[in-house]
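The lines below spell out each chain.
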Amino acid sequence: MAKHKTPLLDQLESGPWPSFVSDMKQEAEARAKNVNNVEYQIPVDVVEDLLGVLELSFDDGTTHWKHGGIVGVFGYGGGVIGRYCDQPEKFPGVAHFHTIRVAQPSGKFYKTEFLRQLCDLWDFRGSGLTNMHGSTGDIIWLGTTTPQIEEIFYELTHNLNQDLGGSGSNLRTPADCIGQARCEYACYDTQDLCYQLTLDYQDELHRPAFPYKFKFKFDGCPNGCVASIARADMSFIGTWKDEIRIDQDAVGGYVSGDLKPNAGAHSGRDWGAFNIEKEVINLCPTECMRYENGKLEINNRECTRCMHCINVMPRALRPGVQTGCSILVGAKAPILDGAQMGSLLVPFVEVNKESGYEEVKAVIEAIWDYWMEEGKNRERLGELMKRRGFQSLLEAVGIDPIPQHVSEPRHNPYIFWKEDEVEGGWERDVTEYRKHHQR
Amino acid sequence: MEYEEQKQLMIDQLMKKGKTKSKFYFSDLAKILDMKPREAKKVVNKLVEEGILEFWSSGSTSMYGLKGQGKQTAAEHEE
Ligand code: HEM
Ligand code: HEM
Ligand code: SF4
Ligand code: SF4
């Protein structure tokens, strides 16, 4: 018998989709049975009380969680998010229900052993409920009590060799795509860059001094599997400088039907014979492709690296060999002012392991200095860019304006000349001028 | 300014403001120290290490307060 009646939540289970309510009930039952004889360090009925307080909120239309708090592990300003229930007598199991963020492995590579260790620790010292993964990318442990936090941190760092993630006005846990480990499109080693910057910026990750949150994300190519362009204050998107590599024989293979387009990904339905004109040439956003007399040509100067043709014919087309990344800035989710995509800041930079990623770090640190000095409290980089103008950002990071910074004339930023950049400045001799120009 | 002076300045200023507020943004602390953020951060980190300051977090925003002065669960807008 469930501890609390939850008719409104039960209804959520009636739909065709998997329901978090069913998951929670399953966990509540497993905790009650406790077949592994775990010495639970927080109330055994925590999940039942969580269901109960949620039902109450559905019923009275208001939240029963208090927001924020002082909990944390010593020396870290993030990684633990204090949550307290405002009906602790009715729901003692969730009187404290703090969230813990744990850094996910780069590219989300797990060994089953590690997953098991994570779950065992969380069953023992927490609610057993996890969120794999939160929107930022980290492992989220939902619900524990204040006395457990230092214990969990100790075990996590000493036995599992893993760190807490970022929260609050910190650098958030950096996230990357699977990259060169598995993906032939990757234009740089996303995992190495992500890992290295995570190590180098420990202070920024754990000790909050930014105006607000700051996210890095690393995509190995413009397919953007971690959607960095939409979700990161700084997005690092793999790209190439030279030409798309073409294997004309393989192009012929797709045209003749020997090779399956999109590596067979759309084979669930019969789409008819592959038509290169219709499915590739005409869909190129910059119309820079041509297929004539059995030969595919690309005008690479016009190519925007959208990846479409490469995705459709991966055996025939590959990114170039001079690879690196583009850096975009200012994306954010719609809290204030609506959602915003990243704006291009650096069209191409080498991602150079040998130099310890110096080129990339120089851009990052210049941006942080600018934002920490100019940003208002709770202002994301993208909002500061809008308020002060893209030109002020360019000046702060010492990058000269280039046409790629303008998405289209008159739409986004005007880059203005400054007086000292113009011969003769703004001053002029009006008398002299009037000699040649009537009023 | 020496660290000990900075520490005293921080305590005095936050006590003074403490009548109306218990939580402060990092930028408030940098202003008290009259330092650029990166430099101020080194001093603030030390103050946290020594247990003079402590962190407060809503989950999305972080703030600082004198240790023991803050309300455990008060929300950002509650003061
Ligand atoms: C060095 C010379 C010039 C400069 C610096 C200049 C600058 C500008 C600027 C800043 C605007 C406002 C654009 C906007 O906010 O949309 C503008 C608009 C305009 N200019 Fe010029 N201009 C110059 C020469 C000329 C000349 C020689 C003509 C025509 C004979 C001209 C015709 C116009 C027109 C028709 C508009 C209005 C466009 C619109 O609002 O859609 N301009 N100009
Ligand atoms: C057959 C002759 C022409 C046609 C069909 C034509 C057509 C157009 C059109 C469709 C626009 C865009 C209006 C809009 O933005 O909604 C335009 C804008 C403009 N036209 Fe013409 N035009 C002609 C001749 C001229 C000439 C002779 C001049 C100047 C000597 C001129 C100066 C301009 C200017 C300054 C603009 C505004 C540009 C801007 O602000 O974007 N046009 N014209
Ligand atoms: S973003 Fe590109 S490189 Fe990274 S996994 Fe996706 S397709 Fe591969
Ligand atoms: S990558 Fe996109 S823009 Fe470039 S040639 Fe292929 S389809 Fe065209």
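This is a predicted model, so every value here is computed, not measured. (Residues numbered from 1 in each chain as written. Chains lettered and ligands numbered in written order. Predicted model: local features only at pLDDT ≥ 70, side-chain atom pairs only at ≥ 80, totals over all residues. Heavy atoms only, no water.)

1. Description of the overall build of chain A
- Assigned secondary structure in chain A consists of 15 helices and 15 strands.
- Across its three principal directions, the C-alpha atoms of chain A cover 90 × 70 × 45 Å.
- For chain A, the proportion of its 439 residues judged to be buried stands at 48%.
- Counting contacts in chain A only where the partners sit at least 6 residues apart, residues at least 24 apart contribute 63% of the total.
- Of the roughly 23000 Å² that chain A leaves accessible, carbon and sulfur atoms contribute 49%. (Helix = DSSP H or I, 4+ residues; strand = E, 2+ residues; numbered from the N terminus. Buried < 20%, exposed > 50% of the residue type's maximum accessible area, 1.4 Å probe, protein only. Contact = heavy atoms within 4.5 Å. Areas by Shrake-Rupley, 256 points an atom, 1.4 Å probe, with all protein chains shown as cover.)

2. Description of the overall build of chain B
- Along its length, chain B carries 3 helices and 2 strands.
- Along the chain direction, N to C, the helices and strands of chain B fall in the order α-α-α-β-β.
- With 79 residues in all, chain B has 52% of them scored as buried.
- Total accessible area on chain B is roughly 4100 Å²; 51% of this is exposed by carbon and sulfur atoms.

3. A closer look at the packing of helix 4 (residues 112–125) of chain A against helix 5 (residues 148–158) of chain A
All names here are of chain A.
- Put simply, helix 4 and helix 5 touch, their axes get as near as 11 Å, and they point 160° apart. With respect to helix 5, the element helix 4 is oriented roughly antiparallel. Relative to helix 5, the crossing made by helix 4 is right-handed. Residues Leu-118, Leu-121, Trp-122, Phe-124 and Arg-125 of helix 4 lie in contact with helix 5, whose contacting residues are Gln-148, Glu-151, Ile-152, Glu-155 and Leu-156.
- Taken together, the residues that form the contact of helix 4 with helix 5 break down as 6 nonpolar, 1 polar and 3 charged. (Axes fitted to C-alpha atoms, helices over the stretch in contact; angles between N-to-C directions. Parallel < 35°, antiparallel > 145°, perpendicular 65-115°, else oblique. Left-handed = near helix turned anticlockwise from the far one by under 90°. Nonpolar A, V, L, I, M, F, W, Y, C, P; charged D, E, K, R; others polar.)

4. Details of the pairing of strand 11 (residues 289–292) of chain A
Residues and elements named next belong to chain A.
- Residues Met-289 and Tyr-291 line the buried face of strand 11, whereas the alternating positions Arg-290 and Glu-292 sit on a face that is not buried.
- For strand 11 and strand 12 (residues 295–298), the ladder comprises 4 bridges, and the chain directions are antiparallel. Residue pairing in the sheet places Met-289 in a bridge with Ile-298 of strand 12.
- Taking the residues that link successive antiparallel strands as the turn, the strand 11-strand 12 hairpin has 2 residues, and the phi of Asn-293 there is positive, at about 50°. (Pairing = 2+ DSSP bridges.)

5. Quick word on a negative patch on the surface
- The grouping of Asp-400, Glu-419, Asp-420, Glu-421 and Glu-427 of chain A at the surface amounts to a negative patch.
- Relative to the helices and strands, Glu-421 of chain A is located in the loop between helix 14 (390–397) and helix 15 (430–436). (Patch = residues over 30% accessible without salt bridge, like charges linked within 9 Å, V, L, I, M, F, W, Y side chains within 5 Å. Salt bridge = Lys/Arg side-chain N within 4 Å of Asp/Glu carboxyl O. Lys, Arg positive; Asp, Glu negative; His and termini not counted. Charge placed at Lys NZ, Arg CZ, Asp CG, Glu CD.)

6. Re the interface of chain B and chain A
- Taken together, the contact between chain B and chain A spans 27 residues of the former and 32 residues of the latter.
- Carbon and sulfur atoms make up 49% of the surface buried where chain B meets chain A, a total of about 2600 Å² over both sides.
- For the pair chain B and chain A, the number of links is 4 salt bridges.
- Put simply, chain B and chain A have 11 residue pairs in polar contact (both at pLDDT 80 or more) between them.
- Listing elements by their share of the side of chain B that touches chain A, those giving two or more residues are helix 2 (26–33), helix 3 (37–49), strand 1 (53–57) and strand 2 (62–66) of chain B.
- Among the elements that take part in the side of chain B that touches chain A, helix 3 of chain B stands out by supplying 6 residues, more than any other.
- A per-class count over the side of chain B that touches chain A returns 9 nonpolar, 11 polar and 7 charged. (Buried area = accessible area lost by both parts, 1.4 Å probe. Polar contact = N/O pair within 3.5 Å; in protein donor to acceptor, adjacent residues only side chain to side chain.)

7. Quick word on empty space enclosed by the protein
Residue and element names in this part refer to chain A.
- Under the criterion given, the structure shown has 3 cavities of 30 Å³ or more.
- Each pocket or cavity is described by its volume, and for the largest cavity that value is around 110 Å³.
- The wall of the largest cavity is formed by 16 residues, among which Cys-284, Met-289, Cys-303, Cys-306 and Cys-309 lie closest to the centre.
- Top element by residues in the lining of the largest cavity is helix 11 (residues 308–312). It accounts for 3 residues. (1 Å grid on protein atoms, 1.4 Å probe; cavity = no way out; pocket = protein on both sides within 12 Å on 5 of 7 lines; lining within 4 Å. Points joined across faces, edges and corners; volume = space filled by probe spheres on them.)

8. Here's the deal with a positive patch on the surface
- Taken together, Lys-16, Lys-17, Lys-19, Lys-21 and Lys-31 of chain B make up a surface patch of like positive charges.
- By the secondary structure assignment, Lys-31 of chain B is in helix 2.

9. Observations regarding the site of ligand 4
- In the region of ligand 4, the neighbouring residues are Cys-284, Pro-285, Thr-286, Cys-288, Met-289, Ile-298, Cys-303, Thr-304, Arg-305, Cys-306, Met-307 and Cys-309 of chain A.
- One can see that ligand 4 is located within the largest cavity. (Near = heavy atom within 4 Å. Sits in = over half its atoms within 2 Å of the grid points.)

10. Things to note about the confidence of the model for chain B
Residues and elements named next belong to chain B.
- Of all residues in chain B, 87% have pLDDT values of 70 or greater, and the mean over the chain is 86.
- Within chain B, helix 2 carries the highest mean pLDDT (94), whereas strand 1 carries the lowest (90).
- Between residues 74–79, whose pLDDT stays under 50, and residues either more than four places distant or in other chains, the model counts 18 contacts.
- Confidence metrics for the complex model read pTM 0.82 and ipTM 0.84. (pLDDT = per-residue confidence, 0-100.)

11. Details of the nonpolar core
- Of all hydrophobic cores here, the largest spans 58 residues; its most connected members are Phe-214, Phe-216, Met-234, Phe-236, Leu-345 and Ile-367 of chain A together with Leu-53 of chain B.
- With 9 residues, helix 12 (residues 358–374) of chain A is the largest single contributor of residues to this core.
- Among all residues touching Leu-53 of chain B, those that are not within four sequence positions of it are Met-10, Leu-14, Leu-29, Val-44, Leu-47, Val-48, Tyr-64, Gly-65, Leu-66 and Lys-67 of chain B.
- Membership of the second largest hydrophobic core comes to 27 residues, among which are Ile-276, Ile-281, Met-307 and Leu-317 of chain A. (Core = buried A, V, L, I, M, F, W, Y, C linked by side-chain atoms within 4.5 Å.)

12. Details of the sheet that holds strand 15 (residues 343–349) of chain A
Residue and element names in this part refer to chain A.
- Taken together, 5 strands build an open sheet; the order of strands is 7-8-9-14-15 and the sheet is mixed. Strands with a single pairing partner mark the edges of an open sheet, and in this sheet they are strand 7 (175–176) and strand 15.
- Relative to strand 8 (residues 216–219), strand 7 is paired through 2 bridges, and the arrangement is parallel. If you follow Ala-175 over to strand 8, its bridge partner there is Lys-217.

13. Here's the deal with the layout of surface pockets
All names here are of chain A.
- By volume, the largest pocket amounts to about 1000 Å³.
- If you list the elements that add at least two residues to the lining of the largest pocket, you get strand 9 (234–240), strand 14 (323–329) and strand 15.
- Taken together, the residues of the lining of the largest pocket sort by class into 13 nonpolar, 12 polar and 5 charged.
- Here the lining of the largest pocket gathers at least three residues from each of two domains, domain 2 (175–239 + 325–405) and domain 3 (245–318).
- Space inside the second largest pocket adds up to approximately 900 Å³.
- What lines the second largest pocket is a set of 39 residues, among which Thr-99, Asn-131, Gly-134, Ile-140 and Leu-142 lie closest to the centre. (Domains from an automatic or database assignment.)

14. Here's the deal with the domain arrangement of chain A
All names here are of chain A.
- Split into domains, chain A comes out as domain 1 (7–158), domain 2 (175–239 + 325–405) and domain 3 (245–318).
- If you average the C-alpha positions of domain 1 and of domain 2, the two centres end up 31 Å apart.
- In this assembly, 10 residues from domain 1 lie in contact with 15 residues from domain 2.
- Of the roughly 940 Å² buried between domain 1 and domain 2, counting both surfaces, carbon and sulfur atoms make up 48%.
- Applying the counting rule to domain 1 against domain 2 returns 0 salt bridges.
- Scanning the region where domain 1 abuts domain 2 turns up 4 residue pairs in polar contact (both at pLDDT 80 or more).
- Split by residue class, the side of domain 1 that touches domain 2 holds 2 nonpolar, 8 polar and no charged.

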